[in-house]
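Listed here are the chains, written in short residue letters.
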Amino acid sequence: QVKWKGKDLFDLVCRTLGLRETWFFGLQYTIKDTVAWLKMDKKVLDHDVPTEEPVTFHFLAKFYPENAEEELVQEITQHLFFLQVKKQILDEKIYCPPEASVLLASYAVQAKYGDYDPNVHKRGFLAQEELLPKRVINLYQMTPEMWEERITAWYAEHRGRARDEAEMEYLKIAQDLEMYGVNYFAIRNKKGTELLLGVDALGLHIYDPDNRLTPKISFPWNEIRNISYSDKEFTIKPLDKKIDVFKFNSSKLRVNKLILQLCIGNHDLFMRRRKADSLEVQQMKAQAREEKARKQMERQRLAREKQMREEAERTRDELERRLMQLKEEATMANEALMRSEETADLLAEKAQITEEEAKLLAQKAAEAEQEMQRIKATAIRTEEEKRLMEQKVLEAEMLALKMAEESERRAKEADQLKQDLQEARESERRAKQKLLEITSKSSYTQSMNSSTTALPTDLPNFNLISESLSFDFKDTDMKRLSMEIEKEKVEYMEKSKHLQEQLNELKTEIEALKLKERETALDILHNENASRGNSKHNTIKKVS
């Protein structure tokens, strides 16, 4: 509305977002290539805003926390910071080394997609995502597929982290980057030397224009007595009167006003952090702790349900596999039974044929014996006839002997075939017995399968149990929560060590693919700082 002040518009935005940690944020606009922030006590239309309609304001973080995990209480606050810092890293307003860029990208993917699932997140699923600064991509001879492979490898390790946890891990890594939360302004000292002034949550820092990573001088907020400006001249008076007053000139009066705004706001927050929390913040932190504990219990409940469901599915799959195996065994037993029956039939038929042949041979032997007796009875008395008769008798005896041997052999063969037939029938009996056992196992497995697959239908009972839980946190609950937090700190230290090892490993792995000629000045400066063991915080301590 026309009469609205800056605070009215700002409060409307905060209410719409459900944001209570309003002191970090502001409404930004641009006038004559200079950034400005809407003043809370001044009418919106009385500001030097652009005349064209609609007038555009950007709701952004104006001040940054020293420690995101300790200071950012609300989930919406964490999310807004995550979005802003991520954009600044991708737009290269915050310098981020390549190996850290890959790690941050993996947390951004976890925040967006949830837990990694190889069946869902297949090769190429990150093809349309903007996850790495263009500077990092151009610095190495690596295809998008190679970058995706390395991001996915880390993404898979973040399993179990909720969106807010992944975003907080992102911020905890990003806050250690040298350019995180720093507002830079071009200035000149009394000698006319061009410098950069950096304003952040820790204090004021003076940089060379070509090196935004390492400050030459730093003034922590607790060591500054007074800050003021007159026209374009800006004055910093240290608390220690022995130290010279630092004066510099900016390009525009509007820039000095902006610098002073940022100094006052950052100094107020710096002092506020070192005092006891206000009642509002204490209330917000208590609510956040309760909400965190509630979410943790909910996640544990869901994890238990998921585990039980997975176990039930595994049991079901195992029973199905066992059922298939029993079916295969039953089929094989049936086939073996059929083969046994066929073999028994063949042996029975062969035994019958052999038995008939043996009977036939015995009949012929009997006939030969009768013939021999008849010949003997009717023998011719003459010598010639007697000799011929003896010869015939001899031949008949030989034939009868052969027939008797053949008959005996056939009888033995018939006995052997009868024995084979008996064995085949015994094999058939065993096959039928095994088939009967398999059939009984199959029916038992099916009953087990039906009872197991019915298990997930019982799982909603856990919902009823969890819904009846009370969330009145007593002293014992808070003590237990404190112990868990201490445990998490120890685990975090171990993870940090593991994380640093992983970062070094990735850096070594991709170093061979780096194109040295494409290194920027910031890349070179970062590598020099890293080789000296300099980090953001110890550098500021050295130059303070």
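Given the structure is predicted, the values throughout are model-derived calculations rather than measurements. (Residues numbered from 1 in each chain as written. Predicted model: local features only at pLDDT ≥ 70, side-chain atom pairs only at ≥ 80, totals over all residues. Heavy atoms only, no water.)

A.B. asks: Help me out: how do you make sense of the side chain of R301 in this one?
C.D. replies: Structurally, the position occupied by R301 is in helix α9 (residues 279-377). Among the residues examined, R301 registers a relative accessible area of 9% and is labelled buried. Polar side-chain contacts of R301 include one of 2.5 Å to the side chain of E305. (Helix = DSSP H or I, 4+ residues; strand = E, 2+ residues; numbered from the N terminus. Buried < 20%, exposed > 50% of the residue type's maximum accessible area, 1.4 Å probe, protein only. Polar contact = N/O pair within 3.5 Å; in protein donor to acceptor, adjacent residues only side chain to side chain.)

A.B. asks: Explanation requested: the packing of aromatic side chains in the structure shown.
C.D. replies: Two measures describe an aromatic ring pair: the distance that separates the ring centres and the angle between the ring planes. Across all of its chains, the model carries 18 aromatic pairs by this definition. Centre to centre, the rings of F25 and F59 are 5.3 Å apart; their planes meet at 10°, and the pair counts as stacked. Of this pair, F25 sits in strand β1 (residues 25-31) while F59 sits in strand β3 (residues 58-61), placing them 34 residues apart in sequence. Aromatic ring contacts, followed pair by pair, group F10, W23, F24, F25, F59, Y64, F81 and Y180 into a single cluster. Above the face of the W23 ring, R272 is positioned so that its terminal group lies 4.1 Å from the ring centre. (Phe/Tyr/Trp six-rings, centres within 6.5 Å; stacked < 30°, edge-to-face > 60°. Lys NZ or Arg CZ within 6 Å of the ring centre and 35° of its normal.)

A.B. asks: Honestly, the UniProt feature "binding site: a 1,2-diacyl-sn-glycero-3-phospho-(1D-myo-inositol)" (unreviewed entry) in the chain in this entry has me stumped. Any pointers?
C.D. replies: Here, UniProt's "binding site: a 1,2-diacyl-sn-glycero-3-phospho-(1D-myo-inositol)" (unreviewed entry) annotation points to K39, M40, D41, K42 and K257. Secondary-structure assignment places M40 in the loop between β2 (34-37) and β3. In this structure, M40 is in contact with K5, G6, K7 and F10, ignoring residues within four places of it in sequence. Relative to the elements of secondary structure, D41 occurs in the loop between β2 and β3. (UniProt positions renumbered as here; feature names shortened; annotations may be inferred. Contact = heavy atoms within 4.5 Å.)

A.B. asks: Help me understand helix α1 (residues 6-17) in this model?
C.D. replies: Every α-helical turn comprises 3.6 residues, leaving residues that sit three or four positions apart pointing alike. Helix length check: α1, at twelve residues, gives a terminal C-alpha distance of 17 Å against a target of 16 Å (1.5 Å per residue), a fit within 8%. Listed in full, the buried residues belonging to α1 are G6, L9, F10 and C14. Down the axis of α1, the smallest arc covering the buried residues is 135°, so these residues share one side. Set apart from the buried face of α1 by more than 90 degrees, the exposed residues are R15 and T16. Looking at the buried positions of α1, the neighbouring elements they touch are β1 and β3. Directly after α1, the chain includes G18, whose backbone phi takes a positive value near 75°. (Expected span 1.5 Å × (residues − 1). Arc of directions from axis to C-beta.)

A.B. asks: Where do I start with the packing of helix α4 (residues 98-113) against helix α6 (residues 144-157) in this structure?
C.D. replies: Angle between the axes and distance between the axes are the two parameters that describe a pair of packed helices. Where α4 meets α6, the closest approach of the two axes is 8 Å, and the angle between their N-to-C directions is 65°. Crossing of α4 over α6 shows right-handed handedness. Contact residues: α4 offers E99, V102, L103, A105, S106, V109, Q110 and Y113, while α6 offers W147, R150, I151, W154 and Y155. Here the contact of α4 with α6 is built from residues that sort into nine nonpolar, two polar and two charged. (Axes fitted to C-alpha atoms, helices over the stretch in contact; angles between N-to-C directions. Left-handed = near helix turned anticlockwise from the far one by under 90°. Nonpolar A, V, L, I, M, F, W, Y, C, P; charged D, E, K, R; others polar.)

A.B. asks: Which parts of the structure should I look at to understand the sheet that holds strand β7 (residues 217-220)?
C.D. replies: To summarise the sheet geometry, strands pair through backbone hydrogen bonds and adopt either a parallel or an antiparallel arrangement. The antiparallel open sheet is built from seven strands, whose spatial order is β7-β6-β5-β4-β10-β9-β8. Here the strands that pair on one side only, and so sit at the sheet edges, are β7 and β8 (224-230). In this sheet, neighbouring strand axes are inclined to one another by 30° on average, regardless of whether the strands run parallel or antiparallel. With six bridges connecting them, β8 and strand β9 (residues 233-238) associate as antiparallel partners. Following the sheet pairing, N226 is matched in β9 by K237. Sitting on the sheet, helix α8 (residues 253-273) touches β4 (183-189), β5 (194-199), β6 (203-207), β8, β9 and β10 (246-250), and the angle it makes with β8 is about 160°. (Pairing = 2+ DSSP bridges.)

A.B. asks: Even after reading the chapter, I still don't get the layout of surface pockets, so can you show me in this structure?
C.D. replies: Vacant regions in the atomic arrangement are exposed by a probe of water-molecule size rolled over the atoms. There is about 820 Å³ of room inside the second largest pocket. Along the walls of the second largest pocket sit 27 residues, with Q28, Q84, Q88, K93 and N183 positioned nearest its centre. Split into classes, the residues belonging to the lining of the second largest pocket amount to 16 nonpolar, five polar and six charged. Lining the lining of the second largest pocket are residues from two domains, each supplying at least three of them: domain 1 (6-175) and domain 2 (183-275). (1 Å grid on protein atoms, 1.4 Å probe; cavity = no way out; pocket = protein on both sides within 12 Å on 5 of 7 lines; lining within 4 Å. Points joined across faces, edges and corners; volume = space filled by probe spheres on them. Domains from an automatic or database assignment.)

A.B. asks: I keep staring at the pattern of salt bridges and nothing clicks. Help me out?
C.D. replies: Between side chains of opposite charge, a pair can form when the charged atoms approach closely. Here the structure, examined in full by the defined rule, presents 24 salt bridges. R254 is the salt-bridge partner of D48, the closest N and O atoms lying 3.6 Å from each other. Of the two residues, D48 is situated in the loop between β2 and β3 and R254 in helix α8; the sequence distance between them amounts to 206 residues. Each of E66, E71, R273 and R274 takes part in salt bridges that share partners, so that together they form one network. (Salt bridge = Lys/Arg side-chain N within 4 Å of Asp/Glu carboxyl O.)

A.B. asks: Whenever I open this one, a negative patch on the surface confuses me. Can you help?
C.D. replies: On the surface, E341, E342, D345 and E349 cluster together into a negatively charged patch. Following the sequence through the fold, E341 ends up in helix α9. (Patch = residues over 30% accessible without salt bridge, like charges linked within 9 Å, V, L, I, M, F, W, Y side chains within 5 Å. Areas by Shrake-Rupley, 256 points an atom, 1.4 Å probe, with all protein chains shown as cover. Lys, Arg positive; Asp, Glu negative; His and termini not counted. Charge placed at Lys NZ, Arg CZ, Asp CG, Glu CD.)

A.B. asks: Would you explain the sheet that holds β2 in this entry?
C.D. replies: Strands sit in the order β2-β1-β3 across an open sheet of three strands; the sheet is antiparallel. Looking at the sheet topology across the chains shown, the edges are occupied by β2 and β3. Adjacent strand axes in the sheet meet at a mean angle of 45°, parallel and antiparallel pairs treated alike. Where β1 lies against β2, four bridges are found, and the strand directions are antiparallel. Pairing of Y29 across the sheet is with A36, part of β2. With respect to the sheet, helix α3 (residues 75-90) is in contact with β1 and β3, its orientation differing from that of β3 by roughly 100°. Packed on one face of the sheet, α8 meets β1 and β2 and runs near 45° to β2.

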